[in-house]
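In case you want the letters, here they are:
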Amino acid sequence: MGQTPGECKGICSGEATELRKSLTNVKNHLKTVTALWKAREDQVRHQKVELALHRSELHAKNNALREAEARVSSIQVSLTRKEGKLTIAKEKSRHLHTLLRYERRKVDRAKALGSMRLHARQKPVESLHQYNSQAMYRRNNTEAFIAAKCNTSADTRFFMRKARIVDSSGVEGKRRAELIKHDEEIVQIRRNKDAQKKASEIQERQRIDGRALVLDEENLKTLTARRLDDQLAVHHRRDPRIPAKSTFKTWQAKFEAVKAAVANVRAEEGLNNSKNKLYIRIPAGQRGNNTPSLSDSS
């Protein structure tokens, strides 16, 4: 059925009213969302400000912590230096204490030795163990102990009997025999050392006697340091004015010394740098003479 214009107008007006209501609701909702968005922005802005403040506080705390760590490091360094100085002071104190103790011990020993020598001059027939017994008796205050603990006649007889046993046991004779035996052992050790030293010297002298003087510079350059030492020893035995081999430390110094000695030998023998005589061998019977014999090089 067809609708009249009035009905259409009513329907349109109703729809328009509903559209206005919907539009109003949308506007209201948009206002609410806008308000919520602004509130959220304010909240975020406020949080950013708080975060910036918190960061600044953390930065300040970090700076303070670094300063504290620097102060602690400086304090540790100073403590380490003080500990080092204290350690050095302790070592010096310990060293001085050791020296003082050593000096006191030396003084005590000197006093004891002087007392023993004085006693030996005053009573030369007494033995060493008798002197030691008397010294211990005085130092340990044995007299007061005996008076307090061992004051009976039986104790006195016991002590006298023990003293006679010790005196008759030959303690002094055994001590002197041990001293004599020790002295003999020391003398024998020294004699053995002297014999070994003389044997080594004879062996070294025989070895040097078997060496021939090398007069050619080219051959000298091929010698080792030990061979140059042998050459210096032969030259020194031939002419004591030539320094000993121990004077020179390097190969070059030894070579120059041997070269100078060879030049002297050539000048004395009139070889004039001739290569006909490259070696000199000194016979055993002429060691130490300044006129060695010459032998042809083979």
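Quick notes on the rules
- Residues numbered from 1 in each chain as written.
- Predicted model: local features only at pLDDT ≥ 70, side-chain atom pairs only at ≥ 80, totals over all residues.
- Heavy atoms only, no water.
- Helix = DSSP H or I, 4+ residues; strand = E, 2+ residues; numbered from the N terminus.
- Contact = heavy atoms within 4.5 Å.
- Areas by Shrake-Rupley, 256 points an atom, 1.4 Å probe, with all protein chains shown as cover.
- Core = buried A, V, L, I, M, F, W, Y, C linked by side-chain atoms within 4.5 Å.
- Buried < 20%, exposed > 50% of the residue type's maximum accessible area, 1.4 Å probe, protein only.
- Expected span 1.5 Å × (residues − 1).
- Patch = residues over 30% accessible without salt bridge, like charges linked within 9 Å, V, L, I, M, F, W, Y side chains within 5 Å.
- Salt bridge = Lys/Arg side-chain N within 4 Å of Asp/Glu carboxyl O.
- Lys, Arg positive; Asp, Glu negative; His and termini not counted.
- Charge placed at Lys NZ, Arg CZ, Asp CG, Glu CD.
- Axes fitted to C-alpha atoms, helices over the stretch in contact; angles between N-to-C directions.
- Parallel < 35°, antiparallel > 145°, perpendicular 65-115°, else oblique.
- Nonpolar A, V, L, I, M, F, W, Y, C, P; charged D, E, K, R; others polar.
- Left-handed = near helix turned anticlockwise from the far one by under 90°.

(A) Summary view of the overall build of the chain. Across its full length, the chain holds eight helices and three strands. In the chain, the order of α-helices and β-strands from amino to carboxyl end is α-α-α-α-α-β-α-α-α-β-β. Across the chain, the fraction of contacts at a sequence separation of at least 24, relative to all contacts at a separation of at least 6, is 53%. Carbon and sulfur atoms make up 57% of the accessible area of the chain, which totals about 23,900 Å².

(B) Spotlight on unusual backbone geometry. Even without a glycine there, the phi angle at Asn 141 is positive, about 55 degrees. Position of Asn 141 relative to the elements: it lies in the loop between α2 (128-139) and α3 (142-149).

(C) A look at the side chain of His 235. With respect to the helices and strands, the residue His 235 is situated in helix α7 (residues 225-238). When sequence neighbours within four positions are dropped, the list of residues in contact with His 235 reads Leu 213, Ile 242, Val 258, Ala 261, Val 262 and Val 265.

(D) The nonpolar core, seen in detail. Core analysis: the largest hydrophobic core is formed by 16 residues, its most contacted members being Leu 215, Leu 220, Leu 223, Leu 228, Leu 232, Val 258 and Val 262. For this core, the elements supplying multiple residues, two or more each, are β1 (213-214), α7 and α8 (251-269). Here this core gets five residues from one element, more than from any other, and that element is α8. Beyond its immediate sequence surroundings of up to four residues, Leu 228 is in contact with Leu 220, Leu 223, Trp 251, Lys 254, Phe 255 and Val 258.

(E) Examining α7 more closely. In this model, α7 (14 residues) spans 20 Å end to end at C-alpha, consistent with the 20 Å of a helix rising 1.5 Å per residue. Three or more residues of α7 are buried, namely Leu 228, Asp 229, Asp 230, Gln 231, Leu 232, Ala 233, Val 234, His 235 and Arg 238. Contact partners of the buried residues in α7: α5 (171-209), β1, α6 (217-221) and α8.

(F) Summary view of a positive patch on the surface. A cluster of like positive charges, contributed by Arg 157, Arg 161, Lys 162 and Arg 164, occupies part of the molecular surface. Inspection of the secondary structure puts Arg 157 in helix α4 (residues 153-168). Judged by relative accessible area, which is 52%, Arg 157 ranks as exposed.

(G) Quick look at the pattern of salt bridges. Using the criterion set out here, one finds ten salt bridges in the structure. The shortest N-O distance in the salt bridge between Arg 94 and Glu 91 comes to 3.0 Å. Placement of both Arg 94 and Glu 91 in helix α1 (residues 5-122) is noted, with a separation of three residues, approximately one turn of the helix. Here Arg 94 falls in the partly exposed class, since its relative accessible area comes to 46%.

(H) The arrangement of the environment of Lys 259 in detail. Relative to the assigned elements, Lys 259 resides in helix α8. The partly exposed category is assigned to Lys 259, whose relative accessible area is 34%. For the pair Lys 259 and Lys 221, spaced 38 residues apart in sequence, the C-alpha to C-alpha distance is 9.7 Å.

(I) Broad picture of the packing of α5 against α7. The N-to-C vectors of α5 and α7 enclose an angle of 95 degrees; their axes lie 10 Å apart at closest approach. The angle between the axes of α5 and α7 places the two elements in the roughly perpendicular class. Within the contact between the two elements, α5 uses Arg 205, Arg 207, Ile 208 and Asp 209 and α7 uses Arg 226, Asp 230, Ala 233, Val 234 and Arg 237. Grouping the amino acids of the contact of α5 with α7 by side-chain chemistry returns three nonpolar, no polar and six charged.

(J) Representation of the packing of α7 against α8. At a minimum axis separation of 10 Å, α7 and α8 run at an interaxial angle of 40 degrees. Here α7 lies oblique to α8, going by the angle between them. Remark: the crossing between α7 and α8 carries left-handed chirality. Along its contact with α7, which presents Ala 225, Leu 228, Asp 229, Gln 231, Leu 232, His 235 and Arg 238, the element α8 presents Trp 251, Lys 254, Phe 255, Ala 257, Val 258, Ala 261, Val 262, Val 265, Glu 268 and Glu 269. Residue composition of the contact of α7 with α8, by class: ten nonpolar, two polar and five charged.

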